[in-house]
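# Summary of the model geometry
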Amino acid sequence: MRIVAILSALLAAACHPKADDRPSTGAPAGAAVEVRGPIVDLLRAGAAEPPGATGAEVRGALAELLRAERQASARAPGASPSLAVTLAYYEHRGDAPAWCVGPEPLRRGQAIVAAIEGLEEDGLHPADYLAEVKPSLERAAQLDPAALARLEFELTRALLGSAGHLLHGRTDPLRIHPEWSAPKRSADIFAQLDQAATDASFASLIRAWRPEAVEYARLLGALAAYRKLAAAGDWARIPGPAPFEISAKRGASRASSRQQELLRARLLATGDLPAGAGSDLGELRAAVAVFQGRHGQEPTGIVDEATLDRLNVPASRRVAQLEANLERWRWLPADLGRRHVRVNIAGFEVRGFEDGKSVLEMRAVVGKTYRRTPVYSGLLTEVVLNPRWSVPHKLAYRDILPKVQEDPSYLERMGLQVYAIEDGKERRIDGRSVDWRALDGRGFPYKLRQEAGRENALGTMKFVFDNPYDVYLHDTPKRGAFAREERAQSSGCVRLERPLDLAAFLLAPAPEWSREAIKAAIGREQTRNVPLPEAVPVHLLYKTAWVDEEGIVSFRRDLYGRDALLIEALSQPLPAEPR
């Protein structure tokens, strides 16, 4: 296990080079790497390789190469993480070659190249791994021992780079989500490479490094489908103005024949309108509603401005969005928990999972764009019934102070108590004795606390999990926001549409805490801390594209601008490492 942990750390470093490393001089990101040469052409035609170097000669040449690489690495330790992990692999093998010994080493090299080229299906760039393999394969065409040793080395480096990106992601999540905290996936990669060297199962090797989550596999299918749509030339833009609808109702204008024609073609392309559908306007209106549902909108069937904007998003942009969400899955741990909770910030929803199946779903309100809910994984440990609310300091002077300055009775009406802080101790005071108008955020020496009650900002329950951001999941007395399409209205915490359902899910292993028992405890209006029978993982995620169990592809707006950052990062060539 120690070897696996060390390897995981080395791969993580190799996958996420420092931002100030030199830009790549290899093939552009996403470019296919074409390996050519007379011997390679013969192989593709099915001819056998000519006789070449013996295994002993290749071993000797590889030992010489590794000696030189180790000396260079010793002179500049830490300069090349991918070199370090490659050298570690050969140390594990006693410097024995894995690929370029035995019969047909070039054919084995071609098979490895073909497997790595398959990473394009994952939204990764084969050129990131094959830029050095291409010239090495061409130079090895004459089966010279030194050239074969270099090819051997570069193939291993390419495979290890592929493993790192599939296991940990091509980009560092902290660059996109500074608050990110989740364990990385790991694998016994050296053992897997050894096995592939024995049975030449290179495609299986690549598949073994992918996330096992069924959601990842579904996204792969969606990416392939949208790439076909983009390659076909994309769909024509539907002109406005909006709103318009198929039959004039509710004051919306009737769609023109041109709008109907383009709308029909657009909805056929993504399957919202079934293939073979006729000219029935009712079917077209229903297809608009299906499209709206997939994009988190109210399925009215009316093409309003928001719907028109989403209809006109090019397929190429959806491809980039799907690639970004595949990358987010590569950041996640292999095991999210047998029973766990997922919050999709961009989707404004909370789900409970048990044994891989979604058993609970509800709407959520998340942080405003300037008070974002953090992307974070933690452990839910406690449910607080009828909670008190200790107002965070920033919220006290940013949100509540202006309301008190406008209405001095606000504190009393909301059940907020005032505590002066003197010598590190709290002392309750009468809020009416404070000159609130003289205060601002730079000098706010008070702490505010709200007792349990109908007006309490946390409602009837709070769900506590370990995190440094002072956020939690909770109930709310303000229910109107749940009826809105976009629900970014909190100060960072996650408000729940049906908190009782979540409490029942979390406390299900404790027979004394039935749904009725929870309701009865809330009815007593006394604050009570209820530890969970077992800690339950909670994952606050930012997913803007996913595919459900029925194969329906859903997209959401990039609420916090994180897609834009990630898509830009994924489009950049990897920084070159010293060689």
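Residues numbered from 1 in each chain as written. Predicted model: local features only at pLDDT ≥ 70, side-chain atom pairs only at ≥ 80, totals over all residues. Heavy atoms only, no water.

## Let's talk about the overall build of the protein chain
- Looking only at helices and strands, the protein chain features 21 helices and 17 strands.
- Considering the protein chain as a whole, with its 579 residues, one finds that 50% of them fall into the buried category.
- Carbon and sulfur atoms make up 52% of the accessible area of the protein chain, which amounts to about 26,700 Å² in all. (Helix = DSSP H or I, 4+ residues; strand = E, 2+ residues; numbered from the N terminus. Buried < 20%, exposed > 50% of the residue type's maximum accessible area, 1.4 Å probe, protein only. Areas by Shrake-Rupley, 256 points an atom, 1.4 Å probe, with all protein chains shown as cover.)

## Here we look at the packing of aromatic side chains
- Under the definition given, this model contains eleven aromatic pairs.
- In this structure an aromatic cluster arises from ring pairing among Tyr-89, Tyr-90, Phe-153 and Phe-190.
- Sitting over the face of the ring of Trp-235, Arg-266 holds its NZ or CZ atom 3.7 Å from the ring centroid.
- If you follow Arg-342 out to its NZ or CZ, it ends over the ring of Phe-353, 3.8 Å from the centre. (Phe/Tyr/Trp six-rings, centres within 6.5 Å; stacked < 30°, edge-to-face > 60°. Lys NZ or Arg CZ within 6 Å of the ring centre and 35° of its normal.)

## Here we look at the layout of surface pockets
- Counted as a void, the largest pocket has a volume near 950 Å³.
- Every residue lining the largest pocket is counted, 35 residues in all, and those nearest its centre are Arg-371, Trp-389, Leu-395, Asp-399 and Ser-491.
- Mapped onto the lining of the largest pocket, the elements with two or more residues apiece are helix 17 (393–406) and strand 13 (488–490).
- For the lining of the largest pocket, a count of residues per class yields 16 nonpolar, eight polar and eleven charged. (1 Å grid on protein atoms, 1.4 Å probe; cavity = no way out; pocket = protein on both sides within 12 Å on 5 of 7 lines; lining within 4 Å. Points joined across faces, edges and corners; volume = space filled by probe spheres on them. Nonpolar A, V, L, I, M, F, W, Y, C, P; charged D, E, K, R; others polar.)

## Re empty space enclosed by the protein
- What the rule picks out here adds up to one cavity of 30 Å³ or more.
- The calculated volume of the largest cavity comes to roughly 50 Å³.
- In terms of lining, the largest cavity is formed by His-177, Trp-180, Arg-328, Trp-331, Leu-332, Val-375, Leu-541, Tyr-542 and Lys-543.
- A per-class count over the lining of the largest cavity returns six nonpolar, one polar and two charged.

## Re the packing of helix 10 (residues 189–199) against helix 11 (residues 202–209)
- For the pair helix 10 and helix 11, the least separation of the axes is 9 Å and the interaxial angle reads 160°. One finds that helix 10 runs roughly antiparallel with respect to helix 11. Between helix 10 and helix 11 lies a crossing of right-handed hand. When helix 10 is examined against helix 11, the residues Ile-189, Gln-192, Leu-193 and Ala-196 are found in contact with a partner set consisting of Phe-202, Leu-205, Ala-208 and Trp-209. (Axes fitted to C-alpha atoms, helices over the stretch in contact; angles between N-to-C directions. Parallel < 35°, antiparallel > 145°, perpendicular 65-115°, else oblique. Left-handed = near helix turned anticlockwise from the far one by under 90°. Contact = heavy atoms within 4.5 Å.)

## A short note on the pattern of salt bridges
- Evaluated as defined, the whole model comprises 34 salt bridges.
- When the shortest N-O distance is used, the salt bridge between Glu-354 and Arg-338 registers 3.7 Å. Of this pair, Glu-354 sits in strand 4 (residues 349–354) while Arg-338 sits in the loop between helix 16 (315–331) and strand 3 (339–344); the two residues are 16 residues apart in sequence, bridging distant segments of the chain.
- Between Asp-501 and Arg-498 there is a salt bridge; the shortest N-O distance is 2.5 Å.
- By relative accessible area, which is 17% here, Asp-501 ends up buried. (Salt bridge = Lys/Arg side-chain N within 4 Å of Asp/Glu carboxyl O.)

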